[in-house]
Amino acid sequence: MTNWLNKHLGKVWLALVFLFLYAPLAFMILFSFNSTRQHAVFTGFSLRWYEALLADTRIVEGFIVSLQVAFVTGLLAAVLGTFCAFVLVRYQRFWGRTVFSGMATAPMVMPEVIIGLSLLLLMVGAQNVFGGPERGLITIIIGHTLLGMAFAMVVVQSRLQEVDRSIEEAAMDLGARPHQVFFLVTLPNIAPAILAAFLLAFTLSFDDVVITLFLSGPGVSTLPQVIFNFAVRGINPTIYAAATLLILTVTLFVVSYALWVARSTRKRQREMAQALRGV
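Conventions and cut-offs
Here, residues in each chain are numbered from 1, in the same order as that chain's written sequence. The predicted nature of this model means local features are confined to residues of pLDDT at least 70 and side-chain atom pairs, given and counted, to a pLDDT of 80 or more, with totals for whole chains, interfaces and linings taken over all residues. Hydrogens and water molecules were not included; the side-chain quantities draw on all heavy atoms of the structure. UniProt positions are given in the numbering used here, feature names are shortened, and annotations may be inferred rather than shown by experiment. Working definition: helices are DSSP H or I runs of at least four residues, strands are E runs of at least two. Numbering for both runs from the N terminus. Each residue's exposure class comes from its accessible area (1.4 Å probe, protein chains only) as a fraction of the maximum for that residue type: buried when under 20%, exposed when over 50%, partly exposed otherwise. Throughout this description, the term salt bridge denotes a Lys or Arg side-chain nitrogen within 4 Å of a carboxyl oxygen of Asp or Glu. Any pair of Phe, Tyr and Trp rings, taking the six-membered ring for Trp, is counted once the centres come within 6.5 Å. Such a pair is stacked with planes under 30 degrees apart, edge-to-face with planes over 60 apart, and tilted for the rest. Criterion for a charge above a ring: Lys NZ or Arg CZ within 6 Å of the ring centre, and within 35 degrees of the ring normal. Domain boundaries shown here were taken from an automatic or database domain assignment. Whether two residues touch is decided by their heavy atoms; if any such pair falls within 4.5 Å, the residues are in contact. Simply put, the buried area is the total loss of 1.4 Å probe accessible area from both parts when two parts are fitted together. In protein, a polar contact requires one atom able to donate a hydrogen and another able to accept it; more generally it is a pair of N or O atoms within 3.5 Å, and residues adjacent in sequence count only if both atoms are side-chain atoms. Lys, Arg, Asp and Glu make up the charged group, whereas Ala, Val, Leu, Ile, Met, Phe, Trp, Tyr, Cys and Pro make up the nonpolar group; the residues left over, Gly among them, are polar. Each nonpolar core is a collection of buried residues, namely Ala, Val, Leu, Ile, Met, Phe, Trp, Tyr and Cys, held together in the definition by side-chain atoms within 4.5 Å. The predictor attaches a confidence to each residue, called pLDDT, with possible values from 0 through 100.

J.: Even after reading the chapter, I still don't get the UniProt feature "transmembrane region" (unreviewed entry) in the chain, so can you show me in this structure?
T.: Listed under "transmembrane region" (unreviewed entry) in the UniProt record, and renumbered for this structure, are residues 12–33, 63–89, 109–130, 136–156, 181–206 and 239–262. In the segment residues 181–206, helix accounts for 100% and strand for 0%; the C-alpha atoms at its two ends are 34 Å apart. Helix and strand shares over residues 239–262 are 100% and 0% respectively, and the end C-alpha atoms of the span are 34 Å apart.

This is the structure:
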């Protein structure tokens, strides 16, 4: 028994960790198909809560708003994070680099309550001085972009550090200007990392509740915010269906990215093998 435990301890521990992480999600998905409002007993399979979900305009509108916010946030965070990463990796010395690096990564370690509260005060001040923007879709996107940009920068930065600089130098020796080197050489090499940064920012935005609660205005609610408001008033199986839809959307994006990376890796390996055979 001892020998078996020593041999399989890592696998057992990993299984327990996955069970701890995903068992609650599995139970929630299971009870989203429950035929009654029972929270502890599965009485039968039914789609009544998904029908109620589609009939609830607040949840449907919240899902659409979440997709819009997450998509725009992912694009902005990927673009801004890429430029931040490029500056930090390619320009090792400039005035204020340490402060810039610290401020760019600060949202990763700062509590979301603090981020949301500070952004709320900033938006209120901007509204008093400039007359806008009103709290709503734009302010939510700004808040989510601030958070997503920090994570996107770290992802792209790790990839940029692995890019062979000799390729860029060779392009410049052949007459390419710096902006041409960036768009024609550097950008294609870090494209998978930029896509990963987009998906990470999309997921963070799609799931966020805290920052959204501070920055949303009347008539604008994301799906996580709607679920949170439902949960405050009492557990309803419709929430399970909405949360299942949320999990399904995020999982779809993650799995699609994993499949794309695997296919791109196999294609690159085939091309390298063909090039070596040609040599």
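J.: How should the environment of Ile142 be read in this particular structure?
T.: Position of Ile142 among the secondary structure elements: in helix α6 (residues 137–160). Accessibility expressed as a relative area gives 35% for Ile142, which makes it partly exposed.

J.: Would you mind showing me how to read the pattern of salt bridges here?
T.: Pairs can form between side chains of opposite charge once their charged atoms are near each other. What the rule picks out here adds up to one salt bridge. For Glu162, the salt bridge identified is with Arg159, shortest N-O distance 3.6 Å.

J.: Before we go on, may I ask you to explain the packing of aromatic side chains in this structure?
T.: Each aromatic ring pair is characterised by the separation of its centres together with the angle its planes make. Applying the stated criterion across every chain yields a total of eleven aromatic pairs. Ring geometry for Phe83 versus Phe182: centroids 6.2 Å apart, planes at 20°, classification stacked. With a gap of 99 residues between them, Phe83 in helix α3 (residues 57–90) and Phe182 in helix α8 (residues 178–207) connect regions that are remote in the sequence. Geometrically, the ring pair formed by Phe182 and Phe183 is edge-to-face, given 5.1 Å between the ring centres and 85° between the ring planes. Judged by its relative accessible area of 9%, Phe182 is buried. Connected via pairs of aromatic rings, a cluster forms that spans Phe63, Phe71, Phe198, Phe202 and Phe206. Sitting over the face of the ring of Trp49, Arg48 holds its NZ or CZ atom 4.1 Å from the ring centroid.

J.: Quick question: what am I supposed to make of the domain arrangement of the chain here?
T.: Interface size is commonly expressed as the accessible area that is lost once the parts come together. According to the domain assignment, the chain consists of domain 1 (25–55 + 240–278) and domain 2 (57–235). Placing a centre on the C-alpha atoms of domain 1 and another on those of domain 2 gives a separation of 24 Å. Counting from both sides, the interface comprises 15 residues of domain 1 and, opposite them, 17 residues of domain 2. Each partner contributes to the roughly 1400 Å² buried at the junction of domain 1 and domain 2, and carbon and sulfur atoms together form 81% of this total. Looking only at domain 1, the three residues that lose the most surface to domain 2 are Leu246, Phe253 and Tyr257, adding up to 37% of its buried area. Our enumeration of links across domain 1 and domain 2 arrives at zero salt bridges. Across the contact surface, domain 1 and domain 2 share one residue pair in polar contact (both at pLDDT 80 or more). For the side of domain 1 that touches domain 2, the elements supplying multiple residues, two or more each, are α2 (48–55) and α11 (237–278). Broken down by class, the residue content of the side of domain 1 that touches domain 2 amounts to twelve nonpolar, two polar and one charged.

J.: What is the right way to look at the nonpolar core in this model?
T.: Nonpolar side chains tend to gather and get buried jointly when the protein is soluble and globular. In this structure, Ile59, Val156 and Leu160 are the most contacted members of the largest nonpolar core, which totals 35 residues. Mapped by element, the contributors of at least two residues to this core are α2, α3, α6, α8, α10 (223–233) and α11. Split by domain, the residues of this core number at least three in each of domain 1 (25–55 + 240–278) and domain 2 (57–235). Excluding anything up to four places from it in sequence, Ile59 contacts Leu53, Leu223, Val226, Phe230, Thr238 and Ala242.

J.: What's the story with the confidence of the model for the chain in this structure? I'm lost.
T.: Detailed reading of the predicted coordinates is not advisable wherever pLDDT falls low. With 93% of its residues at a pLDDT of at least 70, the chain reaches an overall mean of 83. Taken element by element, the predicted model of the chain shows its lowest mean pLDDT in α11 (77) and its highest in α6 (91).

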